[in-house]
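The lines below spell out each chain.
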Amino acid sequence: MAFGSVAPAPAQLVGSCTSGTNASCVSNDHCVPQAGNDGISSLIWGPNANHLVSTNWDGGVRCWEVQESGGQVRALPKAQVNHENNSPVLDSCFSSDGSTVFSVGADKAVRMWQLGQTPPNNVPQQIGTHDQPIKSVAFLPTTNLIVSGGWDKMLKFWDARQPNPVGTLQLPERCYDLDVRDSLMVVACAGRHIISYNVQGQPQEHQRKESQLKFQSRCIAAFPDTTGYAVGSIEGRVGIQYVTKVHGKEGFAFKCHRQDNNVYPVNCICFHKGYGTFATVGGDGIVNFWDKDNKQRLKGFPAIHRTISCASFNAQGNLFAYASSYDWSKGSSQYAPGTPNEIWVHYVLDEEIKPKGKKSSYR
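Bear in mind the structure is a predicted one, so any value in this text is a computation, not a measurement. (Residues numbered from 1 in each chain as written. Predicted model: local features only at pLDDT ≥ 70, side-chain atom pairs only at ≥ 80, totals over all residues. Heavy atoms only, no water.)

1. Brief notes about the environment of Y176
Mapping Y176 onto the fold places it in strand β14 (residues 175-181). Between the C-alpha atoms of Y176 and C219, which are 43 residues apart in sequence, the distance is 7.2 Å. Excluding its chain neighbours within four sequence positions, the residues that come into contact with Y176 are K135, S136, W151, A188, C189, A190, Q216, S217 and R218. (Helix = DSSP H or I, 4+ residues; strand = E, 2+ residues; numbered from the N terminus. Contact = heavy atoms within 4.5 Å.)

Laid out in structure tokens, this is it:
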């Protein structure tokens, strides 16, 4: 399948987007077609164009071209590849030029898909391996290396032209999530370990500490200005932590994704590159936009009828993709076979995400 041509839609992949009240955060959010048959594990946008890529538990890595005009959004399916034996795919990232997607998952492989090319058997090329499933992957723009974090408690660094890792780092526990922003890499591990690295050249550990949150880390995201990171836990809290001293700024934590006595996991944190504000999505089916500098919630969207597993802002910051998909936070007993897995794209208004001014606390 050539990139840029519309992929044929197999019957089992088409599905129909849920309609009615609480299907999406806003009634005119655009439902992305052919979102897959199983849980959606990650969403990313291309760095230079509105190419949206998802990874799924059904083994698929899917790509759409998203068009926006006057606030109207349309997503066109472009291509799809699958990990070997349809093994679950857990994460992906783009190269700096947006030409290549790297993906990882339960097949213990780091894979490379050059957009516009169809790999043999439609399986992306394997460029690396771990001894256990791989949870997260990122591209290092300063060295053009790929970093993968696995449940084998290893970070491995890959040059796509070589079969062996160019470097490895031992982690204290399994990698649950990692993020890279310029020269800063942050890794959240089991046991509430959080490690930050300087990846300007050869990776150097900068700081190792225990999360200020008392429960298991679920997600982590570096600030756009690389001064720190935000970490989310399974217990409806977000921690804001600085890795470099910033005048007048101290780390703090706040509660979110809670309703009455019910507490939900924070499944994903993603930053708006332009404003440095950020979104959280959770097991309560809610999207929140936050301003960490002024300690306030900018926008709370109405809850949708399913958990939200992942989300991402595009490079321009005017499009926000989120996945309506079971997050397994309540285990297999709460999984309903046949439940739709949907991706929605929200056109972001400036007043929703732009900092509003100082407040004393989160509300």
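Now, onward.
2. Structural notes on the packing of aromatic side chains
Within a pair of aromatic rings, the relevant descriptors are the distance that separates the centres and the angle that separates the planes. In the structure shown here, the tally under the stated rule is twelve aromatic pairs. Ring centres 5.2 Å apart and planes at 80 degrees place the aromatic pair F289 and F301 in the edge-to-face group. Of this pair, F289 sits in strand β26 (residues 287-291) while F301 is found in the loop between β27 (296-300) and β28 (308-313), placing the two residues twelve residues apart along the sequence. The two residues F289 and F301 agree in class, both being buried. The positively charged end of K295 is found above the aromatic ring belonging to F252, 4.5 Å away from the centroid. Just above the ring of F301 sits the side chain of K299; from NZ or CZ to the centre is 5.3 Å. (Phe/Tyr/Trp six-rings, centres within 6.5 Å; stacked < 30°, edge-to-face > 60°. Buried < 20%, exposed > 50% of the residue type's maximum accessible area, 1.4 Å probe, protein only. Lys NZ or Arg CZ within 6 Å of the ring centre and 35° of its normal.)

3. Side note on the state of the cysteines
The tally for this structure, following the rule as stated, stands at zero disulfides. Of all cysteine sulfurs in the structure, the one in C93 sits closest to C63, which takes part in no disulfide; the separation is 14 Å. Summary of cysteine pairing: C219 is not part of a disulfide, and the nearest cysteine sulfur, belonging to C268, is at 6.1 Å. Among the residues examined, C219 registers a relative accessible area of 3% and is labelled buried. (Disulfide = S-S within 2.5 Å.)

4. Quick notes on unusual backbone geometry
When glycine is set aside, most residues are seen to have a negative phi, and most peptide bonds are trans. One non-glycine residue, N121, adopts positive backbone phi at about 60 degrees. Inspection of the secondary structure assignment puts N121 in the loop between β8 (109-114) and β9 (125-129). Assessed through its relative accessible area of 75%, N121 is described here as exposed. One non-glycine residue with positive phi stands out, namely D182, at about 55 degrees. Among the structural elements, D182 can be located in the loop between β14 and β15 (184-189).

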